[in-house]
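# Remarks on the overall topology
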Amino acid sequence: MSGKYSVNKFLAGIDFSSLSYEDKSVLLKKILDNGIHGISFSPYIDGQEPGDQICEAQIAQRLSIIEPYTNWIRTFSCVEGNEIAPRVAKQSNLKTMVGVSLGSDKEKNEIELINGIDLAKNGYVDILAVGNEVLLRGDLSKEELLDYIKRAKQALPDIDVSYVDAYFQFEDHPDVVDACDVILVNCYPFWENCPVEYSLLYIKEMYRRTVNVAKGKKIIISETGWPSTGSVSGATVPSYENAMQYFINVYSWAEEEGIEIFYFSSFDESWKVGDEGDVGAYWGLWDKDGRLKY
């Protein structure tokens with residue numbers, strides 16, 4: 001970049017010190033208008049949460065908001081209407097990373113896996129992500145997880161099948177790396193108490209550590225983001241300006257280095273306060289009503 005959007009070599013990112021809020025907003029919108037690689041998509045509207053049944057019309061309406069700005073979407077489940085999203089996305093020529101949600105409920109896991117495999121066989125899946133952070137949460141043993149991945153790969157020899165977790169879980173579990181066709185890593189400087197000024201350096205280090213254990217396999221950052229609102233936690237400060245700076249820095253780096261990133265997330269989601277506190281509701285680029293926040 002040139003002109004007023006100069007690069008601060010020490011912080012390895014854009015120097016925002018001379019930019020107004022409006023300058024940052026214009027720069028963020030320019031990146032969005034050019035199209036980002038991917039974005040996490042959850043179809044819930046205010047008052048809904050996982051467990052509620054979602055209809056196709058709602059999914060299509062929510063997808064229509066983000067469709068002009070992204071090439072891929074990432075979904076998180078294949079039940080309760082979420083399995084409709086990949087088909088609707090394909091109608092808009094979007095590529096799909098489809099999530100099979102795994103947890104401690106083995107009966108639900110079976111339904112998720114069967115539906116994910118069926119979606120892939122019907123041509124609605126570009127990458128099937130079997131499980132998300134189950135090792136981090138301790139929901140399944142590694143052996144149980146590997147069995148689900150193996151079953152999906154056997155059923156889908158022509159589809160990339162992988163698993164999503166925090167970058168350091170792949171350092172700790174090389175046999176999970178072996179099982180994945182691509183390496184899908186979640187990278188959150190925010191949750192590791194990194195100030196926004198150093199967050200680009202931090203995510204670069206997360207990525208470097210993943211490269212060291214990926215055994216030459218392709219790496220995709222399956223989640224990263226910064227919340228716009230919420231309680232301050234240590235050195236990490238949720239704010240509109242910090243969220244904009246993080247987005248701009250991360251996608252400028254991604255473009256320069258050819259790194260594929262799925263931003264978290266499309267919309268603010270009120271239901272997430274139960275798991276993450278007040279900050280959990282404000283990770284979207286769009287607010288809960290579908291208005292671009294920046």
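Computed from a prediction, not measured in an experiment: that's the story for all the values here.

Time to look at the sheet that holds strand β4 (residues 70–74). With respect to topology, eight strands assemble into a closed barrel ordered β3-β4-β5-β6-β7-β8-β9-β10, the strand pairing being parallel. Across the sheet, the mean angle separating the axes of adjacent strands is 25° when strand polarity is ignored. The pairing of β4 with strand β5 (residues 95–100) spans three bridges and is classified as parallel. Among the inter-strand pairings, Ile73 is bridged to a residue of β5, identified as Thr96. Contacting β3 (36–40), β9 (219–224) and β10 (260–263), helix α10 (residues 240–257) runs over the sheet at an angle of about 160° to β10.

Counted by the stated rule, this structure contains 20 aromatic pairs. The interplanar angle of 80° and the centroid separation of 6.5 Å between the aromatic rings of Tyr188 and Phe264 together place this pair among those described as edge-to-face. Pair noted here: Tyr188 is in the loop between β8 (183–186) and α9 (199–213) and Phe264 is in the loop between β10 and α11 (273–276), with a separation of 76 residues, a long-range link. Take Tyr188 and Phe264: they sit in the same class, and that class is buried.

All right, on to the pairing of strand β7 (residues 160–166) then. Counting buried positions along β7 gives six out of seven residues, so the element sits mostly inside the fold. Both strand β6 (residues 127–132) and β7 contribute to a ladder of four bridges, which runs parallel. Residue pairing across strands places Asn132 opposite Val164, the latter belonging to β7. Direction of pairing for β7 relative to β8: parallel, over a ladder of three bridges. Residue pairing across strands places Asp165 opposite Val185, the latter belonging to β8.

If you trace the backbone, Tyr44 turns up in the loop between β3 and α2 (56–66). Leave out the neighbours within four places in its chain, and Tyr44 touches Glu49, Pro50, Gly51, Asp52, Ile54, Gln58, Arg62, Glu80, Asn82, Glu269 and Trp271. A distance of 3.3 Å separates the side chain of Tyr44 from the side chain of Asn82, its partner in a polar contact.

Glancing now at the environment of Ile114. Mapped onto the elements, Ile114 comes out in helix α4 (residues 106–121). Judged by relative accessible area, Ile114 falls into the partly exposed class, the value being 45%.

What follows is about the pattern of salt bridges. Where side chains of opposite charge bring their charged atoms close, a pairing between them can arise. Summed over all chains, the structure comprises 20 salt bridges. As a salt-bridge pair, Lys106 and Glu144 come within 2.8 Å of each other at their nearest N and O atoms. With Lys106 in helix α4 and Glu144 in helix α6 (residues 142–155), this residue pair connects regions lying 38 residues apart in the sequence. For Glu144, a relative accessible area of 29% gives the class partly exposed.

To continue, consider unusual backbone geometry. In this model, Phe264 is joined to Ser265 through a cis peptide bond whose omega is 15°. Inspection of the secondary structure assignment puts Ser265 in the loop between β10 and α11. Even without a glycine there, the phi angle at Glu80 is positive, about 60°. Of note, Glu80 is situated in the loop between β4 and α3 (85–91). The phi dihedral of Asn93 is positive, around 65°, even though this residue is not glycine. Assessed through its relative accessible area of 71%, Asn93 is described here as exposed.

Rules used in this analysis
- Numbering of residues begins from 1 in every chain and follows the order in which that chain's sequence is written.
- Where local features are concerned, this predicted model is filtered to residues with pLDDT of at least 70; where side-chain atom pairs are given and counted, the filter is 80 or more; whole-chain, interface and lining totals use all residues.
- Working from all heavy atoms in the structure, the side-chain values ignore hydrogens and water.
- Between any two strands, at least two bridges found by DSSP are needed for them to pair.
- Only runs of H or I of at least four residues qualify as helices and only runs of E of at least two qualify as strands under DSSP, and these elements are numbered from the N terminus.
- Fitting a line to C-alpha atoms yields each axis, with helices limited to the stretch in contact; the angle taken between N-to-C directions then spans 0 to 180 degrees.
- Note on definitions: a residue-residue contact is assigned when non-hydrogen atoms from the two residues lie within 4.5 Å.
- Note on ring pairs: Phe, Tyr and Trp rings are taken, using the six-membered ring of Trp, and paired if centres are within 6.5 Å. Classes follow the plane angle, with under 30 degrees stacked, over 60 edge-to-face and the rest tilted.
- Relative accessibility under 20% of the residue-type maximum defines a buried residue, over 50% an exposed one, and the middle range a partly exposed one, all with a 1.4 Å probe and only protein chains included.
- Polar contacts, as counted here, are pairs of nitrogen or oxygen atoms within 3.5 Å of one another; within protein the pair requires one atom able to donate a hydrogen and one able to accept it, and residues that are adjacent in sequence qualify only if both atoms are side-chain atoms.
- One speaks of a salt bridge when a side-chain nitrogen belonging to Lys or Arg is within 4 Å of a carboxyl oxygen belonging to Asp or Glu.

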